[in-house]
Every structure is written in C-alpha cells, then in structure tokens.
Amino acid sequence: MLFEETINGYLFSTDKAKLDIDVIHNYLSNDSYWAKGIPIETLKRSIENSVCFGIYSGSELVGFARVVTDKATFGYLGDVFVLEGHRGKGLSKRLMEFILKHPEMQGFRRWMLLTRDAQELYSKFGFIKFHAPDRCMELWFPDVYTKDDSLKK
C-alpha cells in the first residue's frame, strides 16, 4: 500500500521504488552501530520483506526506517536513521508519527524496537522498557556481518 505525505517540505513515503539502496547501505554498513558491515544482498532482502519508510528532500533520500510486520498483530521497528545534514529538524518525530498512522500499522497488540541511544524519542510515542523482561528471550549474533567467514570452518 502506497502511503505518502509532505511535511515541512519533506516527502514521507512507503514507495520502495523511491528508495536509494546505496544511501541506505552506506549509512547502515558504515555509520550505524547495529548493522555495521551488513552485506548489500542482506539489506536488499530485508527491504523486500519489510514495510519501508523513506524521507526525501526533493529526490534525495535523507531518512529511512522499516517495519517487520504481519500487518495484523505485531510490528518490529528497525534501521531508523536521518542523515546528519537533516538532523535537528524534527524529522525523526515526524517519521514516527507517519509510521504509527500508516493504515496497515493499526491495531497491533505489540510493537518492538531495540535502541541504544534514542529511548527519549521513542518514549514520546508510548514505547516502554520491557514490561515483563522475564518473558523476553532472544538469539543474538552481534558480529554476524563482521565475522571473518574463513574462521567459520
């Protein structure tokens, strides 16, 4: 479902055809702490299987997020970023508002995200620390994109 809105001169869109994969890959693989070294093929697969949100200044991609979802009960928010030259303009807040009002993102029983440094932003939208951490489990492979494949043998 295509969903778009212009806010303060920036286009917010779910149109995957507009995404600049090179910009996204460059940010995630080089500048993020959570996806450093992500292979471009892995990124492409993640985009293909998620609902993606781009922020554009003209035709230039300046922000991105994606939601992994069944579009009925659950959404995992990930890979959220705004490029440095466009920070401080409230774009991350506008992006969250845009995501949360998307028609296919309504009525979820649970949203999840993981962040090291943006709890203040997400708490403004109702996100809390795990209410029942004793129920939360994970398989975690933090070095999956940076491991030397020759060591796996």
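Above this text sits the structure in question.
Residues numbered from 1 in each chain as written. Predicted model: local features only at pLDDT ≥ 70, side-chain atom pairs only at ≥ 80, totals over all residues. Heavy atoms only, no water.

Take unusual backbone geometry next. One non-glycine residue, asparagine 8, lies in positive phi territory at about 50°. On the secondary structure map, asparagine 8 appears in the loop between β1 (4-7) and β2 (10-13). Accessibility expressed as a relative area gives 63% for asparagine 8, which makes it exposed. A positive phi angle, near 60°, is found at lysine 71, a position not held by glycine. Within the fold, lysine 71 resides in the loop between β4 (60-69) and β5 (74-82). (Helix = DSSP H or I, 4+ residues; strand = E, 2+ residues; numbered from the N terminus. Buried < 20%, exposed > 50% of the residue type's maximum accessible area, 1.4 Å probe, protein only.)

All right, on to the nonpolar core then. Within the largest apolar cluster, 25 residues are counted, with the highest numbers of intra-cluster contacts made by Phe12, Phe53, Ile55, Leu77, Leu95, Ile99 and Tyr122. Every element with two or more residues in this core is listed here: β2, β3 (51-57), β4, β5, α3 (91-101) and α4 (119-123). Sort the elements by how many residues they give to this core and α3 lands first, with 5 residues. Sequence-distant contacts of phenylalanine 53, defined by excluding residues within four places in its chain, comprise Ser13, Thr14, Gly63, Phe64, Ala65, Val67, Leu95, Phe98, Ile99 and His102. Core analysis: the second largest hydrophobic core is formed by 14 residues, Leu43, Ile47, Cys52 and Tyr56 among them. (Core = buried A, V, L, I, M, F, W, Y, C linked by side-chain atoms within 4.5 Å. Contact = heavy atoms within 4.5 Å.)

This model, assessed by the stated rule, comprises 7 salt bridges. Here aspartate 79 ties to arginine 66 by a salt bridge, and the two come within 2.7 Å at their closest N and O atoms. On the criterion of sequence distance, the pair formed by aspartate 79 in strand β5 and arginine 66 in strand β4 is long-range, its members being 13 residues apart. When sorted by exposure, aspartate 79 lands in the same class as arginine 66, which is buried. The closest approach of N and O atoms between glutamate 104 and lysine 71, which form a salt bridge, is 3.4 Å. In this pair, glutamate 104 sits in the loop between α3 and β6 (110-113) while lysine 71 sits in the loop between β4 and β5, placing the two residues 33 residues apart along the sequence. For lysine 71, a relative accessible area of 42% gives the class partly exposed. Overlapping salt bridges bring together Glu4, Asp15 and Lys18 as one network. (Salt bridge = Lys/Arg side-chain N within 4 Å of Asp/Glu carboxyl O.)

The strand order across the open sheet built from 6 strands is β1-β2-β3-β4-β5-β6, with neighbouring strands paired in mixed fashion. Two strands lie at the open edges of the sheet, namely β1 and β6, each paired on one side alone. With strand direction ignored, the average angle separating the axes of adjacent strands in the sheet is 20°. Relative to β6, β5 runs parallel, the two sharing 4 bridges. Paired with phenylalanine 74 across the bridge in β6 is arginine 110. (Pairing = 2+ DSSP bridges. Axes fitted to C-alpha atoms, helices over the stretch in contact; angles between N-to-C directions.)

Structurally, isoleucine 21 is set in helix α1 (residues 21-31). Through-space distance from the C-alpha of isoleucine 21 to that of glycine 126 is 30 Å; in sequence the pair is 105 residues apart. Those residues in contact with isoleucine 21, other than ones at most four positions away along the chain, are Ile40, Leu43, Lys44 and Ile47.

The next point concerns α1. When we look at burial in α1, the residues that qualify are Ile24, His25, Tyr27, Leu28 and Ser29. Buried residues in α1 make contact with α2 (40-48), β4 and β5. The residue sitting at the N-terminus of α1 and contributing the capping side-chain oxygen is aspartate 20; that oxygen lies 3.1 Å from the backbone nitrogen of aspartate 22. (Polar contact = N/O pair within 3.5 Å; in protein donor to acceptor, adjacent residues only side chain to side chain.)

From the geometry alone we can't say anything about function, so treat these as descriptive.
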